[in-house]
Amino acid sequence: MRRHYGGDVDLQRYGSEGSRSSIQISTESGAQLRHEGKDPPINIRVTIPANFASANAPNVQPLPAISGSAVSVTLSPPIRLDSARKWQIVPYLISIPYTTPNLGPSAANVPGFPLGNSRFTLQFGSGSAAADLVLPAGLYGIDDIAQALNNYAQTAGWIADAVAGPAFSVTGIAATQQVIITVSPANFLANVLSTGNIVSTFPTGGVIMTFTNPSAVSGLNDSIGQMIGFPTTGGGATLTFGSGGGTAAVSFTSPVKADLARLSAYIVYTDIATASYIDGASSNAIFTVPVGDKIPNTIVAIQPSFEQPVPVGQFTISSFRIWLTDQMGNYIPAFSDDAIIAFSIEEPH
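Residues numbered from 1 in each chain as written. Predicted model: local features only at pLDDT ≥ 70, side-chain atom pairs only at ≥ 80, totals over all residues. Heavy atoms only, no water.

## Some remarks on the nonpolar core
Link 1 in the chain: Ranked by size, the top nonpolar core spans 41 residues in total, and within it Tyr266, Phe320, Ile322, Phe343 and Ile345 carry the most contacts.
Link 2 in the chain: The residues contacting Ile322, other than those within four sequence positions of it, are Val46, Ile48, Ser69, Ala70, Val71, Val268, Tyr269, Thr270, Ile341 and Phe343. (Core = buried A, V, L, I, M, F, W, Y, C linked by side-chain atoms within 4.5 Å. Buried < 20%, exposed > 50% of the residue type's maximum accessible area, 1.4 Å probe, protein only. Contact = heavy atoms within 4.5 Å.)

This is how it looks when you write it as structure tokens:
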């Protein structure tokens, strides 16, 4: 997996490569702090495993009732803070795989789409049976969607080569964020096998693409339409490419903007924290990881350049929970790689 790091991070120090330890607690040297009448900070680093079954993480357990990325952390021995003093949480390293799917079937738990959102319904000619193409879960761009459609066309025998002679193209309009879907009938006619046999000619009734919910095939409400700017009800939810013959390419432009970049930030929470706010509501959030300028399908690691403390809400800590949502409050599903959340519990300066 490619890795992209936002900020200077000493990976060996923080153990994000190669280490399978699930939780580390340390106390910094406190000579100067004791001189000031303060206790030294307590540093806590938690690894959220991508695969709990293979992780050596007895102190970190999954919380599937919340989400695939939520964990419960048991501390042994517990942390006991002086209740006569003020304490705060200060994050110092957040490392998150930016691989949360924007498309997938219902089992993928795509944030905001519990029923799924990755299905095309396709017909090869108006007289043929419709078939559902459900894209596997992933973090897709429009080029990835085009490749999936062309792979399907090749498997179905419509074309011979999904790369050299694609049936579909999917392009974006940067200014409006709309999507253009194009079918090229000429490529159907030009794709000839080495035996000399034509794979298929373009059907007289054209290729029909439907975004309607529910699917006429499966009955599921898992259309990709909303994600690429097409309606899931009414006449605009059905596109017919090339009806009546001819070899000219046929295109349809989505009536509204696509919504593939739904996730703009990860928000990290722990129930140790108190008195933080999100959009005016009380919260346990301790840090926000923006991903607007990050590369999808990489690991984003941020070491804050300045402290962003959040008050601690308890003084004896034997266990705590960590969970994540997107900027809209949708829980984040299980990660594809280990995530690391590291923070200190300390007195205000």
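## What to know about unusual backbone geometry
Link 1 in the chain: The step from Ser76 to Pro77 runs through a cis peptide bond, and the omega angle for that step is 0 degrees.
Link 2 in the chain: Here Pro77 shows up in strand E4 (residues 71-80).
Link 3 in the chain: The residue after Asn213, namely Pro214, is reached through a cis peptide bond having omega -5 degrees.
Link 4 in the chain: Within the fold, Pro214 resides in the loop between strand E10 (207-210) and strand E11 (238-241).
Link 5 in the chain: At Asp279, a residue that is not glycine, the phi angle is positive and equals roughly 50 degrees.
Link 6 in the chain: As for its placement among the helices and strands, Asp279 is situated in the loop between strand E14 (276-278) and strand E15 (281-283). (Helix = DSSP H or I, 4+ residues; strand = E, 2+ residues; numbered from the N terminus.)

## Comments concerning the environment of Ser215
Link 1 in the chain: Its place among the elements puts Ser215 in the loop between E10 and E11.
Link 2 in the chain: Residue class for Ser215 comes out buried when judged on its relative accessible area of 4%.
Link 3 in the chain: Other than its neighbours up to four places away in sequence, Ser215 contacts Arg119, Thr121, Asp132 and Leu220.
Link 4 in the chain: A distance of 3.0 Å separates a polar side-chain atom of Ser215 from the backbone nitrogen of Val217. (Polar contact = N/O pair within 3.5 Å; in protein donor to acceptor, adjacent residues only side chain to side chain.)

## Observations concerning the sheet that holds strand E3 (residues 60-62)
Link 1 in the chain: Strand order across the open sheet formed by 5 strands is E3-E4-E19-E13-E16, with antiparallel pairing between neighbours. If you trace the sheet from one side to the other, it starts and ends with E3 and strand E16 (285-290), each paired once. Averaged over neighbouring strand pairs, the angle between their axes works out to 25 degrees when direction is ignored.
Link 2 in the chain: Direction of pairing for strand E13 (residues 265-270) relative to E16: antiparallel, over a ladder of 5 bridges. In the strand pairing of E16, Tyr266 is matched with Val289. (Pairing = 2+ DSSP bridges. Axes fitted to C-alpha atoms, helices over the stretch in contact; angles between N-to-C directions.)

## Some thoughts on the environment of Ala131
Link 1 in the chain: Mapped onto the fold, Ala131 is located in strand E7 (residues 131-134).
Link 2 in the chain: A residue is classified by how much of its surface remains accessible, and Ala131, at 26% relative accessible area, is partly exposed.
Link 3 in the chain: Leave out the neighbours within four places in its chain, and Ala131 touches Phe120, Thr121, Leu122, Tyr152 and Val217.

## Looking at the side chain of Thr100
Link 1 in the chain: When you line up the elements, Thr100 lands in the loop between strand E5 (88-98) and strand E6 (119-124).
Link 2 in the chain: Engagement of the side chain of Thr100 in a polar contact is seen with the side chain of Tyr266, the distance being 2.6 Å.
Link 3 in the chain: Setting aside chain neighbours within four positions, we find Thr100 in contact with Pro111, Leu139, Leu263, Tyr266, Ile332, Pro333 and Phe335.

## Points about the confidence of the model for the protein chain
Low-confidence regions, as indicated by low pLDDT, have predicted coordinates that should not be scrutinised in detail.
Link 1 in the chain: For the protein chain, per-residue confidence averages 87 on the pLDDT scale, and 85% of positions sit at 70 or higher.
Link 2 in the chain: Considering only residues more than four positions removed or in separate chains, one finds that residues 1-21, a stretch of pLDDT under 50, has 54 contacts. (pLDDT = per-residue confidence, 0-100.)

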